[in-house]
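A closer look at the structure
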Amino acid sequence: MTIADASKVNRELSSDEDDVPLSQTLKKRKIESTNTASLQGDDADGYDSDEAISTISKKKTKKIKTERLPSSSSPPSPQVKKRTTPKPKKIKKEDGDVKLKTTKKEDQEKKKRKKKEDEEDQKVKDEEDEYKWWEKENEDDTIKWVTLKHNGVIFPPPYQPLPSHIKLYYDGKPVDLPPQAEEVAGFFAALLESDHAKNPVFQKNFFNDFLQVLKENGGPLNDIEIKEFSSCDFTKMFDYFQLQKEQKKQLTSQEKKQIRLEREKFEEDYKFCELDGRKEQVGNFKVEPPDLFRGRGAHPKTGKLKRRVNPEDIVLNLSEDAPIPPAPEGHKWGEVRHDNTVQWLAMWRENIFNSFKYVRLAANSSLKGQSDFKKFEKARQLKSYIDAIRRDYTRNLKSKVMLERQKAVAIYLIDVFALRAGGEKSEDEADTVGCCSLRYEHVTLKPPNTVIFDFLGKDSIRFYQEVEVDKQVFKNLTIFKRPPKQPGHQLFDRLDPSILNKYLQNYMPGLTAKVFRTYNASKTMQDQLDLIPNKGSVAEKLLKYNAANRTVAILCNHQRTVTKGHAQTVEKANNRIQELEWQKIRCKRAILQLEKDLLKKEPKYFEEIDDLTKEDEATIHKRIIEREIEKYQRKFVRENDKRKFEKEELLPESQLKEWLEKVEEKKQEFEKELKTGEIELKSTWNSVEKIKAQVEKLEQRIQTSSIQLKDKEENSQVSLGTSKINYIDPRLSVVFCKKYDVPIEKIFTKTLREKFKWAIESADENWRF
DNA sequence: TGGGAAACTTAGAAGACATTCC
DNA sequence: GGAATGTCTTCTAAGTTTCCCA
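A quick note: this is a predicted structure, and the numbers were derived from the prediction, not measured.

Residues in contact with DNA strand B amount to 32 residues; listed here are only the nearest, Phe356, Lys375, Arg420, Lys458 and Tyr727. The protein-proximal atoms of DNA strand B, defined as those within 4 Å of the protein, are 83% sugar or phosphate. At a separation of 3.4 Å, a phosphate oxygen of DNA strand B approaches a polar side-chain atom of Ser371. Of all the elements in the fold, those that place two or more residues in the surface near DNA strand B are strand S11 (346-349), strand S12 (356-359), helix H11 (366-381), helix H16 (513-530) and helix H23 (721-726). Examining the composition of the surface near DNA strand B, we find that three residues originate from one element, H11, more than from any other. Among the residues making up the surface near DNA strand B, the classes are represented as seven nonpolar, nine polar and 16 charged.

Okay, here's the thing in structure tokens:
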């Protein structure tokens, strides 16, 4: 929902009667139990008959069990039978290296044709055995599969110790680390120039775990005692990693291709599984390699060592009669399960939070597709309930029961500002919040009805908005913030997501807080697309589609960090546009040089010829000249490097001088032009028509560049992808493409087209969200 | 029934790959 | 042809919701 929509809702919701403060209408005051009283003095405000929930008093004390996955506690595992991995069918075959007596171009053409043919063949084959679940009846979704076969997971390669001369230095002395500790030191060294390595919490957590691993493995081999992080010097390791990266980059494209093919061949068996007899793609079939945990924002555990996962840590999930993939040699699987009520193929417990990581199907799989489809259908279902929900929360904003008021305000915020539910968080996580977990300090009230939200949401992304809200919402927020509440206290002290979701389910089965985000995102997209006129070029339509997408992304607060060179890129692009403008003006002046009378005949055409000041022009000239000089200098160096390598004769300095003289001539020309206003006409500029054609071309370029720049600037901090992938019903995009004659490839990448195949094939031109 | 565990979706960063520019 | 830039994919962290058991 856009802010404009929000204000519309506000209008619909605003009430005329004034509310009596709850404190006056409610006599009874419930005192919280003693152990909750300390933080929640606010429940002593005595407004109502319902109690503050205990979540606040628990004060982030989620307990985490530290025991490892006990094989004894799991259901009796069937015998882990060792069998050879079944050979899945190969999908692709590469061309051999047969060289024919053809030109390079013909060769390439031929290859292209062959590739295309192969792809077509594959497509036909794929389509033949493709399972179009969206054309079938909806089946029971508690059973996820009947048969499931897969080949297990790929483990990261074992650690390769560094060459003996690459070491960690302590107090200037090289340290002989046992490989296990060297690996951990290497994790840090690899990040040496990143922000993580500069973060003291990251350093501390890393160092503690590093010392632990060092201790576990008998300490340094050359009796150096490592005590202080500040005395460690990782630069030699870092430089080595950089060198390796550089060498990898230097490989020829043929070598790179070879490596890629080998990798793909190796991964092939793990990339696919057999689900109910169909070949389907697995998503993350690679077990996460050991590394330092990189938490987002101010994460208390950032930098801790994420330990290596062994086959013994892995639980496999597959059919009872499916062959069990062999565990790596000398190992066995932690457990083998046959649970067809879940979607995962394998899982393990990680050591940072003691939680699970899962290996699942890919986004283009039938199971994921079905979940996605259901998600959007559920959001569409909300259309039929949204009026009632809005009517009720508007009414309940004045409820005499505090819990009801809090629910009403929370749903209002979730609906209008697309806030997330906001579950409880423990102390060993970053301090981020959503709706239910908003605290006193996250909301600033500016009478009569302006609210400033300022908090860190998911991924520690800042949510900052200064907005006008419904008057009664404002009044309620004032009440929720009344003393004795103070910074640190929960705004919604009677609420948590489960209470809210339970309430929402009275309206519609399956309705939860997150459905509102999907609903409002897709609804906004539909409304925005409806506004786009069906005219103009594909590029213009795309730009408008992206603008609609951006509205949704802004609603959902999807951000991205501005890239390093962004400011410079923008400056460059602006300069480029200015230079094009200058060229255009120059052309017009040239026209007048050929035919003076045109100024009177077509005054409008020439109205911009004095737009640039002499200073502007001089700056442009300077820029062009400097660029030219740089260009030739670079060319000279590059050319000679090449010749040196090929043991050819080097270009003499005089060559560079010759090039630079040409630039000098140009400079002189510019200076003269600036002084006299006379343009030296090029031989091709021999008629007004020719120059006018040139002007037209320039105008086109200026327009394109300006649009691109505007788009780039507006997108610099907004991430469009997240809403496109998760929130906007893909059928909206499909319909847009069909109706507006825009190729779907312009909107969905290959991966997204696979993910949204169900939408591409099922939505017709008249479909609406 | 509450609360922790489990299972799933959503998210931005980083790395890989493709395209454009000079 | 190679560097710069942009786009796409992969990775895994960080959420939400559901499940299940004491």
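Moving on from the model shown.
Checked against the element boundaries, Thr563 lands in the loop between helix H17 (538-555) and helix H18 (566-594). The exposed category is assigned to Thr563, whose relative accessible area is 52%. Sequence separation between Thr563 and Phe670 is 107 residues; the distance between their C-alpha atoms is 36 Å.

In the vicinity of DNA strand C there are 30 residues, among which Arg296, Lys357, Lys425, Lys712 and Thr751 approach most closely. If you look at DNA strand C and keep only atoms within 4 Å of the protein, 96% of those are sugar or phosphate atoms. Contacts to DNA strand C include Lys514, whose backbone N or O atom sits 2.7 Å from a phosphate oxygen. Between a phosphate oxygen of DNA strand C and a side-chain N or O atom of Thr749, the distance comes to 2.8 Å. Broken down by secondary-structure element, the contributors of at least two residues to the surface near DNA strand C are H16, H18 and helix H25 (750-755).

We now examine the pattern of salt bridges. A full pass over the atoms with the stated rule returns 40 salt bridges. Here Arg308 ties to Glu183 by a salt bridge, and the two come within 2.9 Å at their closest N and O atoms. Placement of Arg308 in the loop between strand S8 (305-306) and strand S9 (315-317) and of Glu183 in helix H6 (residues 179-190) is noted, with a sequence separation of 125 residues between them. Judged by its relative accessible area of 28%, Arg308 is partly exposed.

So, on to the layout of surface pockets. The volume enclosed by the second largest pocket comes to roughly 1,200 Å³. In terms of lining residues, the second largest pocket is bounded by 36 residues, among which Pro156, Pro157, Pro158, Pro289 and Arg308 are the most central. Those elements that provide at least two residues to the lining of the second largest pocket are H6, helix H9 (235-250) and helix H10 (253-271). Sort the elements by how many residues they give to the lining of the second largest pocket and H9 lands first, with seven residues.

So, on to the sheet that holds S12. Adjacent strands of a sheet pair through backbone hydrogen bonds, lying either parallel or antiparallel. As summarised here, the arrangement of the four strands in space is S10-S9-S11-S12, forming an open sheet in which the pairing is mixed. Bordering the open sheet on either side are strand S10 (335-337) and S12, each of which pairs with just one other strand. Going across the sheet, the axis of each strand differs from the next one's by a mean of 20°, ignoring polarity. By the bridge criterion, three bridges tie S9 to S10 in an arrangement that is parallel. Bridging from a neighbouring strand, Val315 pairs with Glu335 of S10.

As enumerated under the stated definition, the model contains 34 aromatic pairs in all. A centroid spacing of 4.5 Å and a plane angle of 20° characterise the contact between Phe188 and Phe206, whose relative ring orientation is stacked. Of the two residues, Phe188 is situated in helix H6 and Phe206 in helix H8 (residues 200-216); the sequence distance between them amounts to 18 residues. Judged by centre distance (4.6 Å) and plane angle (25°), the ring pair of Phe736 and Tyr740 falls under stacked. Within this pair, Phe736 and its partner Tyr740 are both found in helix H24 (residues 730-740), separated by four residues, close to a single helical turn. You can call Phe736 buried: its relative accessible area is 2%. Judged by relative accessible area, which is 9%, Tyr740 ranks as buried. Of the aromatic side chains, those joined through ring pairs into one cluster are Phe188, Phe202, Phe206, Phe207, Phe210, Phe229 and Phe234. Taking the ring centre of Tyr605 as reference, the NZ or CZ of Lys692 above it sits at 4.8 Å.

Parameters and conventions
Residues numbered from 1 in each chain as written. Chains lettered and ligands numbered in written order. Predicted model: local features only at pLDDT ≥ 70, side-chain atom pairs only at ≥ 80, totals over all residues. Heavy atoms only, no water. Near = heavy atom within 4 Å. Polar contact = N/O pair within 3.5 Å; in protein donor to acceptor, adjacent residues only side chain to side chain. Helix = DSSP H or I, 4+ residues; strand = E, 2+ residues; numbered from the N terminus. Nonpolar A, V, L, I, M, F, W, Y, C, P; charged D, E, K, R; others polar. Buried < 20%, exposed > 50% of the residue type's maximum accessible area, 1.4 Å probe, protein only. Salt bridge = Lys/Arg side-chain N within 4 Å of Asp/Glu carboxyl O. 1 Å grid on protein atoms, 1.4 Å probe; cavity = no way out; pocket = protein on both sides within 12 Å on 5 of 7 lines; lining within 4 Å. Points joined across faces, edges and corners; volume = space filled by probe spheres on them. Pairing = 2+ DSSP bridges. Axes fitted to C-alpha atoms, helices over the stretch in contact; angles between N-to-C directions. Phe/Tyr/Trp six-rings, centres within 6.5 Å; stacked < 30°, edge-to-face > 60°. Lys NZ or Arg CZ within 6 Å of the ring centre and 35° of its normal.

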